[in-house]
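These are the residues of each chain, in order.
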Amino acid sequence: MKRFWVWAATSALGSVFATPAVAGDNPLYQPSPAWVAPARPIDASALTAESPLYPIFDTQERLDNGTVWSYRNIVTRMATPEVIQQAGTLSIPWQPAKGDLIIHQIEIIRGAQRIDALAGGKKFEVLRREKQLERFSIDGELTATLAVEGLQVGDLLHVVFSISRKEDVIAPAMQDAALLPAEPLPMGYVRTRLVWPETSNVKYKLLAEGGSPKVSVRNGEREVVIEGLMPKPAELPSDVPARARKLPLIEVSSFADWAAVSKTMAPHYGSANAIAPGGDLAKQVAAIRAAHSDPVERAAAALQLVQEKVRYLYNGLDKGNYLPQPVEQTWTVRYGDCKAKTLLLLAILRALDIEAEAMLAHTQIGGLVPERLPSAAAFNHVVVHATIKGKEYWLDGTTTGTRLEDLADVPSFGWGLPVRDGGATLIELPLRVPQRPTVTLALDLDQRAGIGFPTVANMTMTVRGPTAAAFGMLKSQASKDQRVESAQKLIESTVGGDVVLGAHSFAYDEATGVAEIRATGTATNLWSRENERWRFVLDKGVSGIDFDPDRARAAWQQLPVWVGNPERASYTVKLQLPDAGDGFALEGDTEVADLLANTKVDRKVDRANGIITLRDDVSDRGGEIAPDAVAATRARVALAKSRLLTVVAPETVPKRVDVVQQARKDGRFKPIVAVYSAAIANDPTEVVGYDNRANFYADVYDYAAALADLDQAIKLAPNANRYRWRAALREIVGQNAKALEDLNAAAALEPTSPATIEALGSYLARHGQGDAALALADKGIAQGGKTRPVLMARKADFLARLGKRDESLQLMDAAVAAQPGSPLLLNQRCWVKAQLNAQLETALKDCTKAIELSESSAAALDSRALVYFRLGRLDDALADLDAALSTRPDQASSIYLRGIVLSKQGKSTESKRDLAAATFMSPLVADEYQPFGIVP
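No experiment lies behind these values; they were computed from the predicted model shown. (Residues numbered from 1 in each chain as written. Predicted model: local features only at pLDDT ≥ 70, side-chain atom pairs only at ≥ 80, totals over all residues. Heavy atoms only, no water.)

## Some remarks on the pattern of salt bridges
Two side chains of opposite charge can pair, provided their charged atoms sit close to one another.
Then comes step 1: A full pass over the atoms with the stated rule returns 56 salt bridges.
Then comes step 2: In this structure, the salt-bridge partner of Glu308 is Arg403, at a minimum N-O distance of 2.5 Å. Here Arg403 lies in the loop between strand E22 (391-395) and strand E23 (415-418) and Glu308 lies in helix H4 (residues 295-309), a separation of 95 residues in the sequence.
Then comes step 3: With a relative accessible area of 34%, Glu308 lands in the partly exposed category.
Then comes step 4: In this structure, Arg668 and Asp666 form a salt bridge, with 2.9 Å as the shortest nitrogen-oxygen distance.
Then comes step 5: The exposure class assigned to Arg668 is partly exposed, which follows from its relative accessible area of 25%.
Then comes step 6: By relative accessible area, Asp666 is classed as partly exposed at 39%.
Then comes step 7: Salt bridges linked by common partners bring Asp406, Asp409, Arg436 and Arg464 together as one network. (Salt bridge = Lys/Arg side-chain N within 4 Å of Asp/Glu carboxyl O. Helix = DSSP H or I, 4+ residues; strand = E, 2+ residues; numbered from the N terminus. Buried < 20%, exposed > 50% of the residue type's maximum accessible area, 1.4 Å probe, protein only.)

Here you go:
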């Protein structure tokens, strides 16, 4: 058992050595270690409020006789109460199984005073806090903590300690790395000093850029010193390969080369670690041998056994960071880390007469390994490297879900070091596209209801590998809400648009290691309008490729681009079109010939019986794009993405009202309603399901059905918004008294809400209670705030309905003046002027400006059409109404006004059709126009 030492401070800068601490004993003073070089003296009087937070940050490392000593001398300025809060409780971790923590000095410097923070028998409290336990890791680390008493703003806290560390597994070899502070850290005097006997074979390497190590030899010791902060690291784009990045370290190692590292680790993974005859593990091996004659199949079965029957747990206790636990122990306890699992797999493979060895790797920065000094510290992982029938395999027992079909897949470690008795050099792992897709996605999109209506989406996703196992845990261990949330995110990410989730399920097959996720939903906003046509991007393979590296800076132009690790995915999308697909066309690439940023897309497109089917098999080779190929690669990807496979609707699609009326005969909306009903069935107490179905019913003008769902929603979660919504629907179906009840209920919940004031006021104005509407608007205006101009505009509308022309126009001008440039208010002023048939020339200007400023111009186009109608410019009015309806085909007011315009032009048949359609969609639409004498 290693010891915890305490060194006590003297009043001088130097420190003295103490014997092992015993409860109640006082420290014994002895000289400090001779190898420590004194730091610059602390001149507290020279420090100001602008001085660095860390006036002294001194790091010294000594390597000797297999032991590494790390010495820290740190002074922290208590600049603020917040700094005292953070820095005033010391917390120093160390590994007791490998060495000692030695506290040299803890003192407070206050002007000329030096206050011993350990006086009076104060001691550190030692805690064991396994900080990585939630990541299945235990290492036995201890933490010494001390709340320093009496700290005040302006004090300096001076802390000096050492930690020794000896890695018995690699002894007598030594290795170490010191982190080099860099600009702009708030540090004053900074020094990093490395020391070792001149006769030892220790070497150093500066990995960081900049800095000038000073090397000297004195008294038989070699010394490397870096003083001052390192230059601020050069900024690099995020997409450079790992080898292009510089670690902010200086490394030291006594290993002669990589072969020496390999030799050192070899005894721990050798054939001596065999399986005990006659035991349970031996029986497992015998079962594999009996079940499979092919060595590749045996290897796959062995890997599956290790992955699934032994859980992962990192054990860093004692020598566990480098030393694997014995094979039989791992099988007995059924847990182990990468070392234990690798040793277990090696033993099984060797028992099956398969050539295999351990290989060291780094899971995050493997690409940097060749740039580093040879040492065991260059790695954080170990796997099996096997050769079967002349082919190399890399087998990782710590991952999950690997099957025979995946055995030849190569982990993305960059470089690895085989562990051999005779030593080995680094090998570069090949970049190899996975043998089968990690994700296979099948989407069945049913658009037969028509453009502008929800798309019914059926998603089936199969996943393999570690992600599949995670889905298996989700199925068995997650709550219902967590499963719903996961299914929602998956279908949204794969389908796009706004998705309402219906039925869904998760399944995991342990035999194949494959998870299957099924989900059904309705999606809206999948189609966009461009160049007067509705379009849907069918593409999956090319749309997922992004290559736009930033190489604008001259210093970056010779940097390669890392496009990621190899991946493979497969997508099948079936799109069922309305009207058997008549008039629908395909634009974009039906074949993808080019290699796009190291990604190959094998594409097949079929079309039959109103269904377009896309199959994209995407093979991403990963790796780098050379600097001289970046421009051409960017151009190829940009060209391909400008030609995404897209379904284009006919120039003229059936009118919404016609589709709805036909749907009531042929039932084409039933699949959509079924999804909304399934969402409600998932949780009948969740109000959103009723909201969604009510919204759909209202969109297809089934107001009675919408009301039924809103009734249930209000029972579950009454709020002002739902009351206002139900009031509008009740008014449409002629339930005026109940509509007023709902509006009063909304006002009771939100008496000052602008939305409630507008809804209730509009109702009162429409039903002959104009004075009450004005009083309500005045109440809202008196509240002030950001909504005041909008409420002023609403009152102007009420005044217009009451025939108070001049008051209405004056108030509308005041509203616009209060919020100039608002497209909403400009449109409202244009509309009020058109209603009143007043100031029509300035009304045109208001509407035109609102159109220019609006993201969605349909409302302003509708208002300008009414101005043109008032001016007798009927053709212009029709043009604006058609433009508004091209983006908002469900805008009943525009359809109704177009019917009036057509009537004035003598086009009776077309006029009656539009008037009937608008009234079907919105039974109260005529009330917007009749009070102002605007009638067919």
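## Observations concerning the nonpolar core
Then comes step 1: Grouped together as the largest cluster of nonpolar side chains are 95 residues, with contacts concentrated most on Phe669, Phe696, Met812, Tyr896 and Val901.
Then comes step 2: Here this core takes eight residues from helix H22 (residues 858-871), the largest share from any one element.
Then comes step 3: For Met812, the contacting residues outside a window of four places in its chain are Ala793, Ala796, Leu825, Gln828, Arg829 and Val832. (Core = buried A, V, L, I, M, F, W, Y, C linked by side-chain atoms within 4.5 Å. Contact = heavy atoms within 4.5 Å.)

## A word on the packing of aromatic side chains
Then comes step 1: Summed over the entire model, instances satisfying the criterion amount to 13 aromatic pairs.
Then comes step 2: Consider the rings of Tyr54 and Phe57, whose centres lie 6.3 Å apart with planes at 85°: the pair is edge-to-face.
Then comes step 3: For the ring pair Phe696 and Tyr697, a centre distance of 6.2 Å and an interplane angle of 50° mean the geometry is tilted. Comparing Phe696 with Tyr697, the two get one shared label, buried.
Then comes step 4: Through pairs of rings, three or more aromatic residues link up here, namely Phe453, Phe669, Tyr676, Phe696 and Tyr697.
Then comes step 5: Above the plane of the ring of Trp331 lies Arg334, whose end atom (NZ or CZ) is 3.8 Å from the centre. (Phe/Tyr/Trp six-rings, centres within 6.5 Å; stacked < 30°, edge-to-face > 60°. Lys NZ or Arg CZ within 6 Å of the ring centre and 35° of its normal.)

## What about helix H12 (residues 687-699)?
Then comes step 1: The end-to-end C-alpha distance of H12 is 19 Å, a good match for the 18 Å that 13 residues give at a rise of 1.5 Å each.
Then comes step 2: Within the span of H12, buried status applies to Val687, Gly689, Tyr690, Asp691, Arg693, Ala694, Phe696, Tyr697 and Ala698.
Then comes step 3: Elements that come into contact with the buried residues of H12 comprise helix H11 (670-682), helix H13 (703-716) and helix H14 (720-732).
Then comes step 4: Capping the start of H12 is the job of one residue whose side-chain oxygen sits 3.3 Å from the backbone nitrogen of Val688: Glu686.
Then comes step 5: Immediately downstream of H12, the backbone of Tyr701 shows phi near 70°, a positive value. (Expected span 1.5 Å × (residues − 1). Polar contact = N/O pair within 3.5 Å; in protein donor to acceptor, adjacent residues only side chain to side chain.)

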